[in-house]
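Each chain is listed here by its residues.
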Amino acid sequence: MSNQMWGGRFETGPDEVMEEINASIGFDRKLADYDIAGSLAHVAMLARTGIIAEADALAIGEALIEIRGEIENGNFTFSRALEDIHMNVESRLADLIGPTAGRLHTARSRNDQVAVDFRLYIRAALDLFDSRIEALQIALAEKALAYAGAVMPGFTHLQPAQPVTFGHHLLAYVEMFGRDRSRFKDARARLNECPLGAAALAGTSFPIDRAQTATALGFDRPTANSLDSVSDRDFVLETLAAASICAMHLSRLAEEIVIWTTPQFGFLRLSDKFSTGSSIMPQKRNPDAAELVRGKSGRIFGALAALLVVMKGLPLAYSKDMQEDKEGTFDALENLALCLAAMTGMIRDCEPDLTRMKAAAGAGFSTATDLADWLVRNLAMPFREAHHVTGRLVALAAGKGAGLEELSLAEMQQVEPRIGQDVFAVLGVENSVASRTSYGGTAPENVAAQARRWLTLLGRGA
């Protein structure tokens, strides 16, 4: 039996395998609410322009609202034989109001219908990301303000480099996530054009009002080219690209949490809410939430790569390949939203071990650059020469198994006779961080000011 929704040209129905590969209702049912919203805007426009009768539009609108309620309440039966969410809704519409339901599809195609549904879905996801990233930024900035002066080691190559503060480290992620929000906002602005009315690919001969449907659905304007309208998935790719960068930032922070919570580092303790145990080793506290955030980034990157491959060889306009745009996207965006919520919880509940951090900050000759800077300032020594002298002093301290601050003045003067007693003022880690007062530096007053600035920007200034 041919498909009752489109099968007029066909004498038999699809093969079982064809039905299996063709059906998308298993995943595109997520678009149900957006599909109905688009249909309500479309039918209102059809009535206003006189393309269909007001009475028909009223019957269709009331039935669509009833269907939306059935779906929300779990009372709607989805059929694989009807392929997708559009046909499932239209079939149920026909059950409720008979042949009048067929007027809904006047002057549109499933091609522009799915394009508008997907834009509405992506737009809602972008709005969710903005609020979730904001919550994470607030958690990071509040923690940064609380620990603006807490000294910890700063690393390059994961080797001790120079002392920084825990607050300064956290604010680096606030900056990263701020850029993520900016990318998502840019993506939202670009996608906010309405493809409804482009029909299959060429537009329609009916006197539709595309501006009306665009406005009703909250878009800035209609899309300007019907071919591009139905074949464009840039808005999905751009969202996935921004999501991938955001996931990468989350993964970097998750990696640091994993490292910092090891006994070897001991910088951080996650709360019980975001830790798990072992089925065999009773002593274990595993940072599974952080590990899963780190792991899920791969799924998000994969969705971007997969859709790029789908789209790269498609001629204009719509091809069925584009049905493959949704499943990976749904998975990626849902997981990003979950990861943002999990990371926010971890940051809010975590507690740093200030003693361990400060002790580690002084290890590995981390104030060597402060010593070199002192030689430049106090002895008018060229920096390259100061670098060489400091390197000799580090070698001397390493040979003695001591820190720089543990060398005597006499030992230092063996390397550079002009060094004076005041050099010891720059060798403590707290003195080191306090001296980094350049804009964007790690001095505690800088960190506190930046944390307050961010909290004000995020609406938490009080």
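One can find the structure itself at the top, above this paragraph.
Residues numbered from 1 in each chain as written. Predicted model: local features only at pLDDT ≥ 70, side-chain atom pairs only at ≥ 80, totals over all residues. Heavy atoms only, no water.

Enquirer: A description of the overall build of the protein should follow, citing residues and the corresponding values.
Expert: Helices and strands together make up the secondary structure of the protein, namely 18 helices and 6 strands. Seen through its principal axes, the protein has C-alpha atoms that stretch 100 × 50 × 45 Å. Sorting the 462 residues of the protein into buried and exposed places 49% on the buried side. Long-range contacts, defined as pairs at least 24 residues apart, comprise 75% of the intrachain contacts of the protein with a sequence gap of at least 6. Roughly 21,600 Å² of accessible area belongs to the protein as shown, and the carbon and sulfur atoms make up 53% of that amount. (Helix = DSSP H or I, 4+ residues; strand = E, 2+ residues; numbered from the N terminus. Buried < 20%, exposed > 50% of the residue type's maximum accessible area, 1.4 Å probe, protein only. Contact = heavy atoms within 4.5 Å. Areas by Shrake-Rupley, 256 points an atom, 1.4 Å probe, with all protein chains shown as cover.)

Enquirer: Describe in detail helix α18 (residues 444-457), supporting the description with residues and values.
Expert: Its 14 residues give α18 an end-to-end C-alpha distance of 20 Å, which sits within 8% of 20 Å, the value for a rise of 1.5 Å per residue. Taken together, the buried positions of α18 are occupied by Asn446, Val447, Ala448, Gln450, Ala451, Trp454 and Leu455. On the buried face of α18, the contacting elements are α6 (110-146), β2 (159-165) and α7 (166-191). (Expected span 1.5 Å × (residues − 1).)

Enquirer: Describe the packing of α6 against helix α12 (residues 327-349), naming the residues involved and giving the relevant values.
Expert: Relative to each other, α6 and α12 sit at 15°, their axes nearing to 9 Å. One element, α6, and the other, α12, form an angle in the roughly parallel class. As for how α6 packs across α12, the hand of that crossing is left-handed. (Axes fitted to C-alpha atoms, helices over the stretch in contact; angles between N-to-C directions. Parallel < 35°, antiparallel > 145°, perpendicular 65-115°, else oblique. Left-handed = near helix turned anticlockwise from the far one by under 90°.)

Enquirer: Outline the packing of aromatic side chains, listing residues and values.
Expert: For the structure shown, the criterion picks out 12 aromatic pairs. Aromatic pair Phe118 and Phe235: ring centres 6.0 Å apart, planes at 80°, arrangement edge-to-face. In this pair, Phe118 is assigned in helix α6 and Phe235 in helix α10 (residues 234-260), connecting sequence segments 117 residues apart. One exposure class covers both Phe118 and Phe235, and it is buried. The rings of Tyr34, Phe118, Tyr121, Phe235 and Phe330 are connected pair by pair, giving a single aromatic cluster. The lysine or arginine in question, Arg123, covers the ring of Phe219, its NZ or CZ lying 4.8 Å from the ring centre. Taking NZ or CZ as reference, Lys326 lies 5.5 Å from the ring centre of Phe118, over its face. (Phe/Tyr/Trp six-rings, centres within 6.5 Å; stacked < 30°, edge-to-face > 60°. Lys NZ or Arg CZ within 6 Å of the ring centre and 35° of its normal.)

Enquirer: Any details on the pattern of salt bridges? Residues and values, ideally.
Expert: In this structure the tally under the stated criterion is 25 salt bridges. Note that Arg453 is salt-bridged to Glu175, the shortest N-O span being 3.5 Å. Residue Arg453 is found in helix α18, and its partner Glu175 is found in helix α7; the two are separated by 278 residues along the sequence. Its salt-bridge partner being Asp325, residue Arg233 comes within 2.6 Å of it at the nearest N-O pair. Of this pair, Arg233 sits in the loop between α9 (226-231) and α10 while Asp325 sits in the loop between α11 (288-311) and α12, placing them 92 residues apart in sequence. In this structure, Arg233 and Asp325 share a single accessibility class: buried. Connected through salt bridges with shared partners, the residues Asp130, Glu134, Arg181 and Lys185 form a single ionic network. (Salt bridge = Lys/Arg side-chain N within 4 Å of Asp/Glu carboxyl O.)

Enquirer: Provide a residue-level description of a nonpolar patch on the surface, including the pertinent values.
Expert: There is a patch of nonpolar side chains on the surface, built from Leu201, Leu227 and Leu316 and spanning about 270 Å² of accessible area. Within the secondary structure, Leu201 is located in the loop between β3 (193-194) and α8 (210-216). Look at Leu201 and you get partly exposed, because its relative accessible area is 39%. (Patch = residues over 30% accessible without salt bridge, like charges linked within 9 Å, V, L, I, M, F, W, Y side chains within 5 Å.)

Enquirer: Can you break down the nonpolar core residue by residue, with the values?
Expert: If you look at the biggest cluster of nonpolar residues, it comprises 98 residues, and the most contacted ones within it are Leu250, Leu336 and Met343. It is α10 that contributes the most residues to this core, 15 residues altogether. In this view, Met343 contacts Leu136, Leu250, Leu253, Ala254, Ile257 and Val293; residues no more than four positions away in its chain are not counted. Residues Leu375, Met381, Leu393 and Met412 belong to the second largest nonpolar core, which totals 20 residues. (Core = buried A, V, L, I, M, F, W, Y, C linked by side-chain atoms within 4.5 Å.)

Enquirer: How would you summarise the environment of Gly167 if you had to cite specific residues and measurements?
Expert: Mapped onto the fold, Gly167 is located in helix α7. Once the C-alpha coordinates of Gly167 and Leu307 are considered, the two residues, 140 residues apart in sequence, prove to be 38 Å apart. Setting aside residues no more than four positions away along its own chain, Gly167 makes contact with Ala144, Tyr147, Ala148 and Val447.

Enquirer: Break down empty space enclosed by the protein for me, with residues and values.
Expert: Where empty space is left can be seen by rolling a probe of water-molecule size over the atoms. Evaluated as defined, the whole model comprises 1 cavity of 30 Å³ or more. Each pocket or cavity is described by its volume, and for the largest cavity that value is around 30 Å³. Around the largest cavity, the lining residues are Phe166, Leu170, Leu253, Ile257, Trp260, Leu268, Ile347 and Cys350. The element that contributes the greatest number of residues to the lining of the largest cavity is α10, accounting for 3 residues. Here the residues of the lining of the largest cavity are counted per class, giving 8 nonpolar, no polar and no charged. (1 Å grid on protein atoms, 1.4 Å probe; cavity = no way out; pocket = protein on both sides within 12 Å on 5 of 7 lines; lining within 4 Å. Points joined across faces, edges and corners; volume = space filled by probe spheres on them. Nonpolar A, V, L, I, M, F, W, Y, C, P; charged D, E, K, R; others polar.)

Enquirer: Can you break down the layout of surface pockets residue by residue, with the values?
Expert: As a volume, the largest pocket reaches approximately 480 Å³. Lining the largest pocket are 23 residues; nearest its centre among them are His169, Ala172, Tyr173, Met176 and Glu256. Among the secondary structure elements, those contributing two or more residues to the lining of the largest pocket are β1 (151-156), α7, α10 and α18. Within the lining of the largest pocket, the residues separate by chemical class into 12 nonpolar, 7 polar and 4 charged.

Enquirer: Break down the side chain of Thr165 for me, with residues and values.
Expert: Here Thr165 lies in strand β2. In terms of polar contacts, Thr165 uses its side chain to reach the backbone carbonyl oxygen of Ala148, at 3.1 Å. Setting aside residues up to four positions removed in sequence, Thr165 forms contacts with Tyr147, Ala148, Gly149, Ala150, Val151, Met152, Val433, Thr442, Pro444 and Val447. (Polar contact = N/O pair within 3.5 Å; in protein donor to acceptor, adjacent residues only side chain to side chain.)

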